[in-house]
Amino acid sequence: MGKLSLLFCFCIFVAFEFSNASPPDLSNGKASFYELKKGNMSLKFTNVGASLMSFMFPDKTGKPIDIVLGYDTPEEYEKDTTYFGAIVGRVANRIGGAQFKLNEKVVKLAANEGKNMLNGGAKGFSKVIWKVIKHKNEGEAPFIIFTYRSPDGEEGFPGALRVSIVYTLLATNQLKVIMKAKSLDNKPTPVNLAQHTYWNLGGHDSGDILTHQAQIFGQFYTALDNDMIPTGQILYARGTAYDFTEPELKPLGKRIDLLPKGYDINYVLDTFEVSKMRKVATLQEAKSGIRVDLSTNAPGMQFYSGDLLKDEKGKGGVVYKSRAGVCMETQWYPDFVNQPSFPQSIVEKGKMYRHNMLYEFSNI
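Every value quoted in this text rests on a predicted model; they were computed, and no experiment measured them. (Residues numbered from 1 in each chain as written. Predicted model: local features only at pLDDT ≥ 70, side-chain atom pairs only at ≥ 80, totals over all residues. Heavy atoms only, no water.)

A word on the UniProt feature "binding site: beta-D-galactose" (unreviewed entry) in the protein chain. According to UniProt, the positions carrying the feature "binding site: beta-D-galactose" (unreviewed entry) are Asn93, Arg94, His196, Thr197, Tyr198 and Asp264. Tracing the sequence through the fold places Asn93 in the loop between strand 5 (86-88) and strand 6 (94-95). Judged by its relative accessible area of 7%, Asn93 is buried. With near-sequence residues (within four places) excluded, Asn93 lies in contact with Met117, Leu118, Asn119, Gln302, Gln331 and Pro334. (UniProt positions renumbered as here; feature names shortened; annotations may be inferred. Helix = DSSP H or I, 4+ residues; strand = E, 2+ residues; numbered from the N terminus. Buried < 20%, exposed > 50% of the residue type's maximum accessible area, 1.4 Å probe, protein only. Contact = heavy atoms within 4.5 Å.)

Below, the discussion takes up the packing of aromatic side chains. Scanning the model with the defined rule gives 28 aromatic pairs in all. Ring centres 5.2 Å apart and planes at 50 degrees place the aromatic pair Trp199 and Tyr359 in the tilted group. One end of the pair, Trp199, is in strand 16 (residues 198-199); the other, Tyr359, is in strand 29 (residues 352-363), with 160 residues separating them in the sequence. Of the two residues, Trp199 and Tyr359, neither departs from the other in class, the shared state being buried. Between Tyr333 and Phe342 the ring centres are 5.1 Å apart and the planes differ by 75 degrees, which places this aromatic pair in the edge-to-face class. There is no split in this pair, since Tyr333 and Phe342 are both buried. Three or more aromatic residues joined by ring pairs form one cluster here, namely Tyr71, Tyr77, Phe84, Tyr198, Tyr304 and Tyr320. One cation-aromatic arrangement involves Arg255 over Phe244; the distance from NZ or CZ to the ring centre is 5.4 Å. (Phe/Tyr/Trp six-rings, centres within 6.5 Å; stacked < 30°, edge-to-face > 60°. Lys NZ or Arg CZ within 6 Å of the ring centre and 35° of its normal.)

This brings us to the side chain of Asp59. Within the element layout of this structure, Asp59 appears in the loop between strand 3 (51-58) and strand 4 (64-66). Buried and without a salt bridge, Asp59 has Lys63 as its closest oppositely charged side chain, separated by 6.0 Å. Leave out the neighbours within four places in its chain, and Asp59 touches Ile65, Ser288, Ile290 and Asn363. (Lys, Arg positive; Asp, Glu negative; His and termini not counted. Salt bridge = Lys/Arg side-chain N within 4 Å of Asp/Glu carboxyl O.)

Core analysis: the largest hydrophobic core is formed by 79 residues, its most contacted members being Phe55, Trp199 and Phe303. Those residues in contact with Trp199, other than ones at most four positions away along the chain, are Leu52, Phe55, Ile67, Val68, Ile209, Leu283, Gly325, Val326, Met328, Tyr359 and Phe361. Residues Val48, Tyr198, Leu309 and Cys327 belong to the second largest nonpolar core, which totals 12 residues. (Core = buried A, V, L, I, M, F, W, Y, C linked by side-chain atoms within 4.5 Å.)

In space, the 6 strands of this open sheet follow the order 16-27-24-21-18-19, with antiparallel pairing throughout. The sheet terminates laterally at strand 16 and strand 19 (230-236), the two strands that pair on one side only. For strand 16 and strand 27 (residues 326-331), the ladder comprises 2 bridges, and the chain directions are antiparallel. The residue of strand 27 that forms the bridge with Tyr198 is Cys327. (Pairing = 2+ DSSP bridges.)

Here the focus is the pairing of strand 29. Remember that side chains alternate between the two faces of the sheet whenever the strand is regular. The pairing of strand 13 (residues 174-183) with strand 29 spans 9 bridges and is antiparallel. From the neighbouring strand, Ile178 faces strand 29, where its bridge partner is Asn356. With 7 bridges connecting them, strand 23 (residues 290-296) and strand 29 associate as antiparallel partners. Within the sheet, the bridge partner assigned to Ile290 lies in strand 29 and is Asn363.

Turning our eyes to something else, we now look at the sheet that holds strand 1 (residues 33-38). Pairing between the strands of a sheet is mediated by backbone hydrogen bonds and can be parallel or antiparallel. Strand order across the open sheet formed by 4 strands is 1-2-3-4, with antiparallel pairing between neighbours. Two strands bound the open sheet, and with one partner strand each, they are strand 1 and strand 4. With direction set aside, neighbouring strand axes in the sheet form an average angle of 20 degrees. Of the pairings in the sheet, the one linking strand 2 (residues 41-46) to strand 3 comprises 5 bridges and is antiparallel in character. Across the sheet, residue Ser42 finds its bridge partner in strand 3, namely Met56. (Axes fitted to C-alpha atoms, helices over the stretch in contact; angles between N-to-C directions.)

Turning our attention to the confidence of the model for the protein chain. Averaged over all residues, the pLDDT of the protein chain equals 94, while 94% of them reach at least 70. Ranking the elements of the protein chain by mean pLDDT puts helix 1 (residues 3-18) last with 47 and strand 16 first with 99. Residue range residues 1-8 is modelled with pLDDT below 50. Its contacts to residues more than four positions away, or to other chains, number 10 contacts. Low pLDDT, under 50, characterises residues 10-14; the predicted model gives this stretch 6 contacts beyond four residues in sequence or across chains. (pLDDT = per-residue confidence, 0-100.)

Okay, here's the thing in structure tokens:
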């Protein structure tokens, strides 16, 4: 990114983070879509859930293919129950009993998965229309900035938040995602945003992801109870069906049927420091020859093989069945609000939530 582009983006961030003025909304509050293009990459987004709708990238023969699951129109994302490509929050993943204690007070939330909360509630961040305050679709570093003001009490969460998501295309086939949240009052609140794209590197219409190969830089995972809520135990992945630690990438289908619900687990990622980015996962598909390396500053990653997808009508009339896509959602651990031994992410006045991701795409 050039100096002028860096300076411009910095000015936008400063204006957003430190001003109480409401930024302009280029979308006028309507469900819309936007494009970013650079080199081999062409992406579409919608302001519904700040969602990634499509990602065109060339396979090893040079043919561009769409490698993410999704829908054709922004309006379809307003009815989505799969979280295709969305930003989920205020707290991603599950909160046991849809409640937690903060500063000795019990906070009760809106349950939307039995007695628990999933991905921020029935109307989490994936269901709202975000403002688009800046969009540059071509050039040296194309980017789009989504913002959302979450009011005090939304889905039960205390405190008002201002949230921003910046997607930027960089050199050498890179997509950078910057997620930030700032408190707008004196009420502390948990924040855990996640990018919920379903990847199929063979093409969104190519069937299941069982031949995809993965490496995950996480030797441990958070154990779950029957409701998919962490028990608090951290278990060793080595030698189990959850083991993707070896340098030789392992096919997802090799051991998936040893698990009752496929892969839907949070990995405890190695060498966590919130101020540092590090590579945490690699995913590739041999037929297309497409590979993606993922880096983040987050402590965990939900690895989900899409087992709960069921005859979901997607782009071009394609019907997505179970295991049609795989999610790699970097995050703070599920239910951290009820597990004091887990890394915590509580945003208070004067503090900023920061969660960064970097995807690097190539052909093998």
